[in-house]
Amino acid sequence: MKKAAFLLCVLCLLSGCAKKDLETIGDAYAPGEPPVAKKLEMVLPEDAAQEVMEGETGSLYFCDSCEIAVETLAAGDIDATLRTLTGHGEKELSLVKTQRDGLTCYESVWPAAGEGGDEIGRVMVLSDGNFHYCITMTARAESGAESAETWKNMVESVKLSEK
């Protein structure tokens, strides 16, 4: 009984030394602001029509010789992104992976069959780790040199900016 009374007295004396604000592990690992997608900007071909369609993830443009889709998708599996954009996976495409302005850049070209005959498709995906910024272009196969020049001019003008 004496021991219990002694422990009670010690606890009462030490309780005045306790911190009022307790720190928890949640304080150190509190979630920050969710990442915000940047705006993908580029110079479109001169014959590009106004946006034909605008959706939640991007826009579609029709030109005289090609169709251009600009999309922003959640980052993650590049294979899933490529399948969404092209219908082909990473292993089915000859994918070139480079670095561009501190971002990972994936590019590829693939043959496609369209309503008007053979087509050629081109895709570029820029990844910042949070989002995939995507450009897809399909053009008639016979416009090969012209569509390659259009693609080159678009890709060279691509930049990301804050919304």
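Up top is the structure these notes are about.
About the criteria used
Residues numbered from 1 in each chain as written. Predicted model: local features only at pLDDT ≥ 70, side-chain atom pairs only at ≥ 80, totals over all residues. Heavy atoms only, no water. Phe/Tyr/Trp six-rings, centres within 6.5 Å; stacked < 30°, edge-to-face > 60°. Buried < 20%, exposed > 50% of the residue type's maximum accessible area, 1.4 Å probe, protein only. Disulfide = S-S within 2.5 Å. Helix = DSSP H or I, 4+ residues; strand = E, 2+ residues; numbered from the N terminus. Contact = heavy atoms within 4.5 Å.

### Let's talk about the packing of aromatic side chains
Right, so step 1: For the coordinates displayed, the defined rule picks out one aromatic pair.
Right, so step 2: With 6.3 Å between their ring centres and 45° between their planes, F131 and Y133 make a pair best called tilted. In terms of burial, F131 and Y133 fall into one category: buried.

### Some thoughts on the state of the cysteines
Right, so step 1: Tallying each qualifying case throughout the model produces zero disulfides.
Right, so step 2: With no disulfide of its own, C66 lies closest to C63 among cysteine sulfurs, the gap being 3.9 Å.
Right, so step 3: On the basis of relative accessible area, C66 is assigned to the buried category, the value being 7%.

### Overview of the environment of F131
Right, so step 1: Within the secondary structure, F131 is located in strand β8 (residues 131–140).
Right, so step 2: Every residue in contact with F131, bar those within four places of it in the chain, is listed here: P35, V36, A37, T72, L73, A74, A75 and L126.

### Points about the side chain of T136
Right, so step 1: In this fold, T136 is placed in strand β8.
Right, so step 2: Apart from the residues lying within four places of it in its own chain, the contact partners of T136 are E67, I68, A69, L85, W110, R122 and V123.

In short, shape yes, function no, at least from these values alone.
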